[in-house]
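Each chain, letter by letter, is given below.
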Amino acid sequence: MNILVTGATRGIGKSVCENLTGNIFASGRDEKLLSIYDNYCACDLTNELDLRALGDYIASNKIDVLINNAGEYLYAPIESTEYCQIKHIARLNLEAPIYLISRAVPYMKSNKFGRIINIGSISGVLGEANAAVYSATKAGLTGATRALALELAEYGITVNTINPGWVDTEMGNSSASEGDFTKEEITECIPQKRFISPVEIAGMVKYLISDEAKGVTGQSINLCAGLTCGY
Ligand code: NAD
């Protein structure tokens, strides 16, 4: 199975690459960090030429599994959010994943098999104060997921979004430090009193690409140590 992962250089993406069996096609910005992989394509997803080149790379490598993982967080009150920041986050977190899906689908359709997994966030499910742009882009992924699951169901292609809560990665730790609460205070508010480990996200990805999960499509799966319980 040929598996393409964006944001493969660290955090959740790296853990996904380490824990899946198959041919990994890695993408990220840092060519040096990507050189640990046999197959890689360096790409800044906010740069249109790079993004199109990654689309070509996907189209020419018979990708069976596309994992749209790369993303960035933005913590800012709405009145101090600049237009360029809105465009940047929208490009990276929403436009790029949808474009990459459009380039992966022709081969998946011809092969009557495909797995598309988007990494969303519980911010897109619950909403997060001072993170409207981030929350909107992640909610956008779940909308696209539902629509594409319907559109592609008859071709053996499943499309799902995993919504992590707080994950122990650079992003999880730096977004904790940007907010108004300490990591300890945040942990206290999580029902399981812990951050999710990246390997738990990798485990869910592994399940979603397995044959046992062929009936799971269009879903928005919260993996959040209980944060969304009761909503
Ligand atoms: P991370 O910051 O550790 O890694 C993000 C990855 O995305 C890195 O490999 C980075 O190089 C890549 N990336 C960022 N900007 C890019 C760009 N312009 N072009 C190409 N690649 C780019 O973050 P993570 O915690 O591993 O997050 C992975 C995904 O999980 C993200 O979509 C994030 O929104 C989501 N998520 C994370 C958390 C968390 O607490 N860590 C919570 C919910 C959702």
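Above this text sits the structure in question.
Residues numbered from 1 in each chain as written. Predicted model: local features only at pLDDT ≥ 70, side-chain atom pairs only at ≥ 80, totals over all residues. Heavy atoms only, no water.

**Describing the overall build of the protein chain**
At step 1: Within the protein chain one finds 9 helices and 7 strands.
At step 2: Each principal axis of the C-alpha atoms in the protein chain carries an extent, and together these give about 50 × 35 × 35 Å.
At step 3: Burial status across the protein chain gives 48% buried among its 231 residues.
At step 4: For the protein chain, the exposed area adds up to about 11,000 Å²; of that, 52% sits on carbon and sulfur atoms.
At step 5: Put simply, the protein chain has 19 plus and 26 minus side-chain charges, and the middle of one group is 7 Å from the middle of the other. (Helix = DSSP H or I, 4+ residues; strand = E, 2+ residues; numbered from the N terminus. Buried < 20%, exposed > 50% of the residue type's maximum accessible area, 1.4 Å probe, protein only. Areas by Shrake-Rupley, 256 points an atom, 1.4 Å probe, with all protein chains shown as cover. Lys, Arg positive; Asp, Glu negative; His and termini not counted. Charge placed at Lys NZ, Arg CZ, Asp CG, Glu CD.)

**Description of helix H4 (residues 83-111)**
At step 1: Taking 1.5 Å of rise per residue, 29 residues should cover 42 Å, and H4 covers 41 Å from first to last C-alpha, within 8% of that figure.
At step 2: If you check which residues of H4 are buried, you get Ile89, Leu92, Asn93, Ala96, Pro97, Leu100, Ile101, Ala104, Val105 and Met108.
At step 3: At the exit of H4 stands Lys112, carrying a positive phi of roughly 50 degrees. (Expected span 1.5 Å × (residues − 1).)

**With respect to the nonpolar core**
At step 1: In terms of nonpolar packing, the biggest core is built from 33 residues, with Ile3, Val16, Leu20, Ile67, Ile117, Ile162 and Ile201 touching the most fellow members.
At step 2: Of all the elements in the fold, those that place two or more residues in this core are strand E1 (2-6), helix H1 (11-19), strand E2 (23-28), strand E4 (65-68), strand E5 (114-119), helix H9 (198-209) and strand E7 (220-223).
At step 3: It is H9 that provides the largest number of residues to this core, a total of 5 residues.
At step 4: Of all hydrophobic cores here, the second largest spans 26 residues; its members include Cys41, Leu51, Leu66 and Ala70. (Core = buried A, V, L, I, M, F, W, Y, C linked by side-chain atoms within 4.5 Å.)

**A closer look at the pairing of E4**
At step 1: Both faces of E4 are covered, namely the face carrying Val65 and Ile67 and the face carrying Leu66 and Asn68.
At step 2: As paired elements, E1 and E4 share 3 bridges and run parallel to each other. By the bridge assignment, Ile3 is partnered in E4 with Val65.
At step 3: Here 4 bridges tie E4 to E5, and the two strands are oriented parallel to one another. Counterpart to Asn68 in the pairing with E5 is Asn118. (Pairing = 2+ DSSP bridges.)

**Some details on the site of the ligand**
At step 1: Taken together, 28 residues lie around the ligand, and Arg10, Asn69, Tyr134, Val167 and Thr169 are the ones closest in.
At step 2: One nitrogen or oxygen atom from the side chain of Asp44 is found 2.9 Å from a nitrogen atom belonging to the ligand.
At step 3: In the environment of the ligand, an oxygen atom lies 2.5 Å from a nitrogen or oxygen atom belonging to the side chain of Thr169.
At step 4: Bound to the protein, the ligand loses 96% of the 820 Å² it would expose on its own.
At step 5: Elements with a contribution of two residues or more to the shell around the ligand: H1, helix H6 (132-152) and helix H7 (170-178).
At step 6: In terms of residue count, the dominant contributor to the shell around the ligand is H7 (3 residues).
At step 7: The residue inventory of the shell around the ligand, partitioned by class, reads 11 nonpolar, 11 polar and 6 charged. (Near = heavy atom within 4 Å. Polar contact = N/O pair within 3.5 Å; in protein donor to acceptor, adjacent residues only side chain to side chain. Nonpolar A, V, L, I, M, F, W, Y, C, P; charged D, E, K, R; others polar.)

**Some thoughts on H9**
Owing to its 3.6 residues per turn, the α-helix brings residues three or four apart onto one side.
At step 1: Between the first and last C-alpha of H9 there are 17 Å, a value that for 12 residues agrees with the 16 Å anticipated at 1.5 Å per step.
At step 2: Along H9, the positions that sit buried rather than exposed are Pro198, Ile201, Ala202, Val205, Leu208 and Ile209. For H9, the angular spread of buried residues about the axis comes to 120 degrees, placing them on one side.
At step 3: Residues of H9 that are buried sit in contact with E1, H1, E4, E5, strand E6 (157-164) and E7. (Arc of directions from axis to C-beta. Contact = heavy atoms within 4.5 Å.)

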